[in-house]
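# Working through the structure, step by step
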Amino acid sequence: MGGSLRVAVLGAPGVGKTAIIRQFLFGDYPERHRPTDGPRLYRPAVLLDGAVYDLSIRDGDVAGPSPSPGGVEEWPDPKDWSLQDTDAFVLVYDICSPDSFDYVKALRQRIAETRPAGAPEAPILVVGNKRDRQRLRFGPRRALAALVRRGWRCGYLECSAKYNWHVLRLFRELLRCALVRARPAHPALRLQGALHPARCSLM
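Worth saying up front: this structure is predicted, and the values here are computed from it rather than measured. (Residues numbered from 1 in each chain as written. Predicted model: local features only at pLDDT ≥ 70, side-chain atom pairs only at ≥ 80, totals over all residues. Heavy atoms only, no water.)

Looking only at helices and strands, the protein features five helices and ten strands. Within the protein, the fraction of its 203 residues that count as buried is 48%. A fraction of 69% describes how many contacts in the protein between residues 6 or more apart in sequence connect residues 24 or more apart. When the accessible area of the protein is evaluated, it comes to approximately 10500 Å², of which 49% is carbon and sulfur surface. (Helix = DSSP H or I, 4+ residues; strand = E, 2+ residues; numbered from the N terminus. Buried < 20%, exposed > 50% of the residue type's maximum accessible area, 1.4 Å probe, protein only. Contact = heavy atoms within 4.5 Å. Areas by Shrake-Rupley, 256 points an atom, 1.4 Å probe, with all protein chains shown as cover.)

Here's what the structure looks like:
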């Protein structure tokens, strides 16, 4: 047995969080978008490099800010959406929506602010979904990847949940990065170093 890992998949509504998870777990894609009705928890077991790991994948829009009567965005208590006990984060945005990228930027900052003092570093992978709509993207991939990796100190990857492109790679990289998070290396470098082929499959 390899152990367990708690993963939170976060992002603005409609960016494809649930679609990514369902492609990874079930190999299907909903043609019509249905808003996620509250947070959901999936508990798959995966095989990576010959070891079995139990995942706990949290899906939902509960981590987002809500406007207060004064017009200022207020975030829920981090204890209510399990940021403090999460081992790894997938922050999803739509490559055609600059607003969803700003949402992810705010999420990353909020995660950094709410981690308990002395808690182990939790790897963050920023994922640009809907790569199948490449012609409609709001910014060049290289510039966004450089900003995330160098400025935000996070990993970066793009995928297409619709065509199941890089979905398995996404979870493989996140798992491998989380398993080596105790090593004294830059988190973005660790994620980039996990790109070489490795067997990762559901059980």
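Summed over the entire model, instances satisfying the criterion amount to six aromatic pairs. Ring geometry for Phe24 against Phe171: centres 4.0 Å apart, planes inclined by 15°, an arrangement best described as stacked. Taken together, the positions of Phe24 in helix α1 (residues 17-26) and Phe171 in helix α4 (residues 167-179) put the pair 147 residues apart, joining distant regions of the chain. What makes Phe24 buried here is its relative accessible area of 8%. With a relative accessible area of 4%, Phe171 lands in the buried category. Seen from their ring centres, Tyr93 and Phe101 are 4.9 Å apart, and the 75° between their planes marks the pair as edge-to-face. On the accessibility criterion, Tyr93 (0% relative accessible area) is buried. By way of ring pairs, the aromatic residues Tyr93, Phe101, Phe138, Trp152 and Tyr156 are connected into one cluster. (Phe/Tyr/Trp six-rings, centres within 6.5 Å; stacked < 30°, edge-to-face > 60°.)

Residue placement: Lys17 occurs in helix α1. Within the structure, the side chain of Lys17 is placed 3.3 Å from the backbone oxygen of Gly11, a separation counted as a polar contact. Polar contacts involving the side chain of Lys17 include one to the main-chain carbonyl oxygen of Ala12, which spans 3.0 Å. (Polar contact = N/O pair within 3.5 Å; in protein donor to acceptor, adjacent residues only side chain to side chain.)

For α4, which comprises 13 residues, the first-to-last C-alpha distance of 19 Å matches the rise-based estimate of 18 Å (1.5 Å per residue) to within 8%. Of all 13 residues in α4, ten are buried; the element is thus mostly enclosed. Turning to α4, its buried residues number three or more, namely Val167, Leu170, Phe171, Arg172, Glu173, Leu174, Leu175, Arg176, Cys177 and Ala178. (Expected span 1.5 Å × (residues − 1).)

At their nearest, the axes of α1 and α4 sit 9 Å apart, and the two run at 90° to each other. Accordingly, the angle class assigned to the pair α1 and α4 is roughly perpendicular. Facing Ile20, Ile21, Gln23 and Phe24 of α1, the residues of α4 in contact are Val167, Leu168, Leu170 and Phe171. Classifying every residue of the contact of α1 with α4 by side-chain character gives seven nonpolar, one polar and no charged. (Axes fitted to C-alpha atoms, helices over the stretch in contact; angles between N-to-C directions. Parallel < 35°, antiparallel > 145°, perpendicular 65-115°, else oblique. Nonpolar A, V, L, I, M, F, W, Y, C, P; charged D, E, K, R; others polar.)

Next up on the list: α1. The element α1 is largely enclosed, with a buried count of eight among its ten residues. Looking at α1, one finds that the buried residues are Lys17, Thr18, Ala19, Ile20, Ile21, Gln23, Phe24 and Leu25. A positive backbone phi angle near 70° is found at Gly27, which sits one or two residues after α1.

A full pass over the atoms with the stated rule returns eight salt bridges. One salt bridge in this structure joins Asp94 and Lys130, with 3.3 Å as the shortest N-O distance. Pair noted here: Asp94 is in strand β7 (residues 88-94) and Lys130 is in the loop between β8 (124-129) and α3 (141-151), with a separation of 36 residues, a long-range link. We classify Lys130 as buried; its relative accessible area is 19%. (Salt bridge = Lys/Arg side-chain N within 4 Å of Asp/Glu carboxyl O.)

Let's shift gears to the confidence of the model for the protein. Confidence along the protein averages 81 in pLDDT terms, with 75% of residues attaining 70 or more. Scored below 50 in pLDDT, residues 67-74 makes eight contacts in the model with residues more than four places away or belonging to other chains. In the model, residues 182-199 has pLDDT below 50 throughout and makes 37 contacts with residues more than four positions away in sequence or in other chains. (pLDDT = per-residue confidence, 0-100.)

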